[in-house]
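A structural walkthrough
The lines below spell out each chain.
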Amino acid sequence: MSVSVVIPAYNESKNISRAVDSVLAQTYEELECIVVDDGSEDDTVERVESYDDDRLRCIKHDVNRGRSAARNTGITAATGDYIAFLDSDDQWVPEKLEHQLQYLNSKPDSWVAAYCGVTQKRRNVLEQIAGAVFNSGKKKEGGSELIKEVLSTRASIHPGSTLLVKRDIATSIGGFDESIHINEDLAFIVELLKKGKLAYLDEQLSIIHRSNYTDGDTIKNEKEKFLNKFSNTVYDLESEGYRVICKHNYVVGKAYLREGQFKRGVNYLRNACIESVEDIAGVVWSFILGVRKNSSED
C-alpha cells in the first residue's frame, strides 16, 4: 500500500518546511509527498526544491487558483493507493500515516477513509480551557448518517490535515469543489459519505497551527455558497428540526465580532446555535479581539 500526501501551498515560505519535514519523517515510508504551489509570490517553491529526497516533488500553478484547485492538482498527480491531505501550515506526528492505515485496513471495505484527533495550536485560550474542561469536541465515525453532523459543523474533522482516503474514492467524487473557498473540505466529506464510511482514530496525530482570520464578509459569502450547494439536504434537515443554518450563523457572527463590527455580529448571533461553554468562550474571545481592533484604530 502506498500513500500520496498532497500539500496545497500559497505564500507559505515560513511554514512549508515544517509540514514537509513531518511527512518525510513518517514511520510509514511507502509514500510520495506532492506540494502544489498555488502561484506563490514568496520563496515557497525554492524551499521545497531545496530538499534532496526522491519522495518529494513540487507542482506549480502559474496563478493562484485556491486550495480546492491545488488539492485537485495533487489528486490528479497522485499515484498512491491512498491520498492524505495536509495543510501547509500544519504538521503530523511521525506515526500518523502508519496508525491510520492500520486502523482503516482493520475495517470492512465499505470504510473508505479515516481521520484522527488533533492538537490545536490555533485555538484561543478561552476555547482551549472550555474544550479541555467540558470535553465538548465530539468525534464521530460512520456513513451517510454523519452528513447532518458535517453540514452543521458539529463533527470536528479538520479534513485538510487529518484525512486519509482511498484514491479511487477521491477521484470518483471529482475531488474538491473549486467554486467554494471556505468549508470546501467539509463539502468533500459530504460527497465522500455518499460513497462509503468514515472512520475515526482516537489519537492526536495532526497538529493544527494558528492561521490568519478571514474577514466577515468573505466568510458570510462563502457560507452561503456552501449551504446553497447542499440546499435540498439542508432544507430537509431543517424541516426535521435539525438546526444547520444557525451553526453557520455562529461562525459568521464571530467573524464580524472579531472585526469590531458588533452590530452585524450580534445580528447573526441572535439566529445562531450557541450550545456549549466552548461556544460561549468563542463569542467572548471574538468580542475581545474586536475591542482590541477598534481600540488600535482610535
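Residues numbered from 1 in each chain as written. Predicted model: local features only at pLDDT ≥ 70, side-chain atom pairs only at ≥ 80, totals over all residues. Heavy atoms only, no water.

With that settled, the discussion passes to the sheet that holds strand 5 (residues 91-92). With mixed pairing, 8 strands are arranged side by side in an open sheet as 3-2-1-4-7-6-8-5. On the outer flanks of this sheet lie strand 3 (56-61) and strand 5, each paired with one strand and no other. (Pairing = 2+ DSSP bridges. Helix = DSSP H or I, 4+ residues; strand = E, 2+ residues; numbered from the N terminus.)

The subject of this paragraph is helix 9 (residues 184-193). Within helix 9, 9 of the 10 residues are buried, which leaves the element mostly enclosed by the surrounding structure. For helix 9, every residue scored as buried is listed here: Glu184, Asp185, Leu186, Ala187, Phe188, Ile189, Val190, Leu192 and Leu193. (Buried < 20%, exposed > 50% of the residue type's maximum accessible area, 1.4 Å probe, protein only.)

Inspection of every chain in the model, using the stated rule, returns 17 salt bridges. As a salt-bridge pair, glutamate 141 and lysine 107 come within 3.2 Å of each other at their nearest N and O atoms. Taken together, the positions of glutamate 141 in the loop between helix 5 (125-134) and helix 6 (147-151) and lysine 107 in the loop between helix 4 (96-105) and strand 6 (111-120) put the pair 34 residues apart, joining distant regions of the chain. The salt bridge involving arginine 154 is made with glutamate 275; its shortest N-O contact spans 2.6 Å. You can see arginine 154 sitting in the loop between helix 6 and helix 7 (159-162) and its partner glutamate 275 sitting in the loop between helix 13 (262-269) and helix 14 (277-297), a full 121 residues away along the chain. Arginine 154 sits in the partly exposed class, given a relative accessible area of 21%. Through salt bridges with shared partners, a single network forms among Arg67, Arg71, Asp87 and Glu184. (Salt bridge = Lys/Arg side-chain N within 4 Å of Asp/Glu carboxyl O.)

Evaluated as defined, the whole model comprises 7 aromatic pairs. Pairing phenylalanine 85 with phenylalanine 176 gives two aromatic rings, centres 5.3 Å apart and planes at 90°, and the pair type is edge-to-face. Of this pair, phenylalanine 85 sits in strand 4 (residues 82-85) while phenylalanine 176 sits in the loop between helix 8 (167-172) and helix 9, placing them 91 residues apart in sequence. Side by side, phenylalanine 85 and phenylalanine 176 carry an identical accessibility label, which is buried. Residue class for phenylalanine 176 comes out buried when judged on its relative accessible area of 6%. (Phe/Tyr/Trp six-rings, centres within 6.5 Å; stacked < 30°, edge-to-face > 60°.)

With respect to the secondary-structure elements, glutamate 32 resides in strand 2 (residues 31-38). Here threonine 79 takes part through its backbone nitrogen, which lies 2.8 Å from a polar atom of the side chain of glutamate 32. Filtering out sequence-adjacent residues up to four positions away, glutamate 32 remains in contact with Val3, Ser4, Val5, Arg55, Arg57, Ala77, Ala78, Thr79 and Gly80. (Polar contact = N/O pair within 3.5 Å; in protein donor to acceptor, adjacent residues only side chain to side chain. Contact = heavy atoms within 4.5 Å.)

The values are spatial; any link to function lies outside them.
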